[in-house]
Amino acid sequence: GTLEGQEVLDDGFVAEDNVIVGNVCLYGATSGKAFFRGKAGERFCVRNSGALAVVEGTGDHCAEYMTGGDLVVLGETGRNFGAGMSGGIAYVYDPENKFPERCNMGLVGLEEIDTIEEKEKVFAFIQEHVEVTESPVGQRMLENWDLEYKNFVKVFPHDYKRVLEERAAKAKNAVAA
């Protein structure tokens with residue numbers, strides 16, 4: 001299923017500046033999609049094993065022990081992002097290059113979006129977020145996508161990357177045989 005969260009309509013309330021979903025939201029999510037126009041509290045997407053989540057900022061300890069799924073963060077994160085993350089991929093918007101010091105590098109590496117397919121995948125995630133939540137943050141990114149995608153950091157667990165590379169090599173060898 002799909003879960004969406006938006007701010008309460010109130011003059012002067014800026015969703016992307018406020019926490020709209022609480023701590024441990026999406027703890028242990030196994031499937032589905034979640035789109036939040038605003039920030040998440042601490043420990044967002046902990047133990048995610050298969051869901052897609054798009055949010056406009058997070059508190060501390062986001063994506064701890066994540067084992068699968070996709071996460072797109074369109075704003076700043078707190079500290080200790082990705083501690084124990086062994087699977088799935090997160091994309092964090094980081095135009096000011098603050099994210100590396102907030103990420104727990106124990107099991108993950110930081111990369112760029114480096115293929116057309118991946119660039120299109122992240123665009124589609126944000127596009128769906130905008131369609132569901134009417135997010136001006138996401139809309140601005142989409143309007144300048146050829147520049148903005150370069151501001152995303154890909155958080156890629158080392159072991160997960162190795163497994164995907166081994167699978168791709170095996171598939172390539174099977175086709176060649």
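Conventions adopted
Each chain carries its own residue numbering, running from 1 in the written order of its sequence. Where totals are concerned, whole chains, interfaces and linings use all residues; where local detail is concerned, this predicted model gives features only for residues with pLDDT of at least 70, and gives and counts side-chain atom pairs only at 80 or more. Remark: hydrogens and water are excluded; side-chain values derive from all non-hydrogen atoms of the structure. Under the scheme used here, helices are H or I runs from DSSP no shorter than 4 residues and strands are E runs no shorter than 2 residues, and both carry numbers assigned from the N terminus. The span one expects for a helix is its residue count, reduced by one, times 1.5 Å. The rule is simple: take the accessible area with a 1.4 Å probe, protein chains only, and divide by the maximum for that residue type; under 20% is buried, over 50% is exposed, in between is partly exposed. The directions considered for the arc run from the helix axis to the C-beta atoms. We define a salt bridge as a side-chain nitrogen of Lys or Arg found within 4 Å of a carboxyl oxygen belonging to Asp or Glu. The pairing criterion for strands is at least two bridges between them, as found by DSSP. Buried Ala, Val, Leu, Ile, Met, Phe, Trp, Tyr and Cys residues form a nonpolar core when they are joined through side-chain atoms within 4.5 Å. Whether two residues are in contact is decided by their heavy atoms, any of which lying within 4.5 Å being enough. We call two N or O atoms a polar contact when they sit within 3.5 Å, provided that within protein one can donate a hydrogen and the other can accept it, with sequence-adjacent residues counted only if both atoms are side-chain atoms.

Q: Where do I start with helix H1 (residues 116-133) in this structure?
A: Note on helix geometry: an α-helix contains 3.6 residues per turn, so any two residues three or four positions apart are oriented the same way. The terminal C-alpha atoms of H1 lie 26 Å apart, and with 18 residues this matches the ideal 26 Å at 1.5 Å per residue to within 8%. Among the residues of H1, Glu-118, Lys-119, Val-122, Phe-125, Ile-126, His-129, Val-130 and Thr-133 are the ones counted as buried. An end-on view of H1 places all buried positions within 135° of arc, on one side of the element. For H1, the exposed residues lying more than 90 degrees away from the buried face are Ile-116, Glu-117, Glu-120 and Glu-131. Downstream of H1 by a residue or two, Glu-134 has a phi angle that is positive, lying close to 60°.

Q: What exactly am I supposed to notice about the pattern of salt bridges here?
A: Note that side chains of opposite charge can pair when their charged atoms are close. Counting across every chain of the model gives 12 salt bridges. The shortest N-O distance in the salt bridge between Glu-128 and Lys-33 comes to 3.1 Å. Placement of Glu-128 in helix H1 and of Lys-33 in strand S3 (residues 33-36) is noted, with a sequence separation of 95 residues between them. A residue is classified by how much of its surface remains accessible, and Lys-33, at 33% relative accessible area, is partly exposed.

Q: Looking at this model, I keep getting lost on unusual backbone geometry. Mind explaining?
A: Most peptide bonds adopt trans geometry, and most residues besides glycine take a negative phi value. Residues other than glycine seldom take positive phi values, yet Leu-26 does so here, at roughly 70°. Within the secondary structure layout, Leu-26 lies in the loop between strand S2 (19-21) and S3. Since its relative accessible area comes to 18%, Leu-26 is described here as buried. Here the phi dihedral of Glu-134 falls at roughly 60°; this positive angle occurs in a residue that is not glycine. Judged by its relative accessible area of 61%, Glu-134 is exposed.

Q: Can you help me understand the pairing of strand S5 (residues 49-55) in this one?
A: Side-chain direction in a regular strand flips from residue to residue, so the side chains alternate between the two faces of the sheet. Of all seven residues that make up S5, five are buried, and the element is covered over most of its length. Bridge count for S3 against S5 is three bridges, and the pairing is parallel. Counted as the bridge partner of Phe-35 is Val-54 from S5. Pairing analysis gives five bridges linking S5 to strand S6 (residues 67-73), with the strands arranged parallel. Within S6, the residue paired with Ser-49 across the bridge is Gly-68.

Q: What exactly am I supposed to notice about the side chain of Arg-102 here?
A: Counting through the fold element by element, Arg-102 comes out in the loop between strand S7 (87-93) and strand S8 (108-111). We classify Arg-102 as buried; its relative accessible area is 19%.

Q: Where do I start with the nonpolar core in this structure?
A: Grouped burial of nonpolar side chains is what soluble globular proteins tend to show. Ranked by size, the top nonpolar core spans 26 residues in total, and within it Leu-26, Phe-36, Phe-44, Leu-71, Phe-81 and Val-155 carry the most contacts. Secondary-structure elements contributing two or more residues to this core are S3, S5, S6, S7 and strand S9 (152-157). Here the element with the most residues in this core is S5; it accounts for three residues. Those residues in contact with Phe-44, other than ones at most four positions away along the chain, are Val-21, Cys-25, Leu-26, Phe-36, Ala-53, Val-55, Thr-58, Cys-62, Ala-63 and Leu-71. Of all hydrophobic cores here, the second largest spans 20 residues; its members include Val-122, Ile-126, Trp-145 and Phe-152.

Q: Sorry if this is basic, but what is going on with helix H2 (residues 136-143) here?
A: Along H2, the positions that sit buried rather than exposed are Val-137, Gly-138, Met-141 and Leu-142. Relative to the axis of H2, the buried residues are bounded by an arc of 130° and lie together on one face. The secondary structure elements touched by the buried residues of H2 are S7, H1, helix H3 (145-148) and S9. Looking at where H2 begins, the residue whose side-chain oxygen comes 3.2 Å from the main-chain nitrogen of Val-137 is Ser-135.

The analysis is restricted to geometry; functional conclusions fall outside its scope.
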